[in-house]
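Fold and geometry: a report
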Amino acid sequence: MKIVLADDHALVRDGLKMLLLSAYPDCEIVEATSFGDIISVLKDDRRVELIIVDFTMADMHASAGIRAIKRSAPSAPIIVVSARDDIEAYQISYNAGASAFVGKTSAHDRILGAVEQVLAGGLVFPAEVKGLSSRPDTQTTTDPIELLTPRQQQVLALLGRGLSNKEIAKDIGIETGTVKVYLNAIYRAFGVQNRTQAALKATQHSGDDIPSI
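Below is a short write-up of the structure. (Residues numbered from 1 in each chain as written. Predicted model: local features only at pLDDT ≥ 70, side-chain atom pairs only at ≥ 80, totals over all residues. Heavy atoms only, no water.)

Some words on the nonpolar core
Formed by 44 residues in total, the largest nonpolar core has its most connected members in Ile 3, Leu 50, Ile 52, Ile 79, Val 155, Ile 168 and Ile 186. Sort the elements by how many residues they give to this core and helix H8 (residues 176-190) lands first, with eight residues. Each residue touching Leu 50, except ones within four places of it in the same chain, is listed here: Lys 2, Ile 3, Val 4, Ala 76, Pro 77, Ile 79, Val 115, Val 118 and Leu 119. Core analysis: the second largest hydrophobic core is formed by 28 residues, Val 41, Ile 51, Met 57 and Ile 69 among them. (Core = buried A, V, L, I, M, F, W, Y, C linked by side-chain atoms within 4.5 Å. Buried < 20%, exposed > 50% of the residue type's maximum accessible area, 1.4 Å probe, protein only. Helix = DSSP H or I, 4+ residues; strand = E, 2+ residues; numbered from the N terminus. Contact = heavy atoms within 4.5 Å.)

A closer look at the pairing of strand E4 (residues 78-82)
Burial within E4 is extensive, with five of its five residues counted as buried. Because side chains alternate across E4, one face comprises the buried residues Ile 78, Val 80 and Ser 82, and the other comprises Ile 79 and Val 81, equally buried. With four bridges connecting them, strand E3 (residues 48-54) and E4 associate as parallel partners. Bridge pairing in E4 links Ile 51 to Ile 78. After leaving E3, the chain enters helix H3 (residues 62-72) and then returns to the sheet as E4, a path that is right-handed. Following the chain from E4 across helix H4 (residues 87-96) to the adjacent parallel strand E5 (residues 100-103), one finds a crossover that is right-handed. (Pairing = 2+ DSSP bridges. Right-handed = clockwise from strand over helix to strand, strands pointing away.)

Looking at the packing of aromatic side chains
When we look at a pair of aromatic rings, we describe it by the centre distance and by the angle of the planes. A full pass over the atoms with the stated rule returns three aromatic pairs. Ring geometry for Tyr 90 against Phe 101: centres 4.8 Å apart, planes inclined by 75°, an arrangement best described as edge-to-face. A residue pair is termed long-range when its members are at least 10 positions apart, and Tyr 90 in helix H4 and Phe 101 in strand E5 qualify at eleven residues. One exposure class covers both Tyr 90 and Phe 101, and it is buried. A network of ring pairs unites the aromatic residues Phe 55, Tyr 90 and Phe 101 as a single cluster. (Phe/Tyr/Trp six-rings, centres within 6.5 Å; stacked < 30°, edge-to-face > 60°.)

Regarding the environment of Leu 5
Here Leu 5 shows up in strand E1 (residues 2-6). Residue class for Leu 5 comes out buried when judged on its relative accessible area of 0%. Once the C-alpha coordinates of Leu 5 and Leu 20 are considered, the two residues, 15 residues apart in sequence, prove to be 10.0 Å apart. Apart from the residues lying within four places of it in its own chain, the contact partners of Leu 5 are Arg 13, Leu 16, Lys 17, Ile 29, Val 30, Glu 31, Ala 32 and Ile 52.

Details of helix H6 (residues 150-160)
Most of H6 is tucked away, with nine of its eleven residues classed as buried. Residues Pro 150, Arg 151, Gln 152, Gln 153, Gln 154, Val 155, Leu 156, Leu 158 and Leu 159 constitute the buried set of H6. Taken together, the buried residues of H6 touch E3, helix H5 (108-119), helix H7 (165-172), H8 and helix H9 (195-202). Two residues or fewer after H6 comes Gly 162, characterised by a positive phi angle close to 90°.

Listed below in structure tokens is the structure:
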């Protein structure tokens, strides 16, 4: 799993990086200090599967920055991590297309919980945020596979070949727990409940549809 971690304070980046590596030791983390840095990374590498970004950075307003990120990587969920703790910041982040908003003072398990939820296709926002039941930026698609990141698509392809979670993990070089997170996102995208149903969906897509990473 490739993650972009953006904050203009090195100490914050260092702390979040250590936390992420403790839970996902196989992940690759690219550090950035601005919204512009993130967009540059995304232009050079489309394999990014998660973006964690500070709400307040000098080069762009949060709304413009998050929207620009979504245009560059529409399938990668964005988690906003901020010292702010107010409804305006929540609403701006949500309306711009973020998948979660977590305070910098939150406990480690809450931050990791948010990561797991957004990788599975969920949203993590306070209940008072308006419009949680219908995203204003949701893209219409005729093919659920377009909702998956390249790595999730690769897991889907291996699932279609009948590989177990352990075999998928070994083939790609990731942890078995990370495979389970990807599978949850696949189930959600296709509206299925288990790996058998997901594997059936995988057989409907040719190898040309599913990238090799």
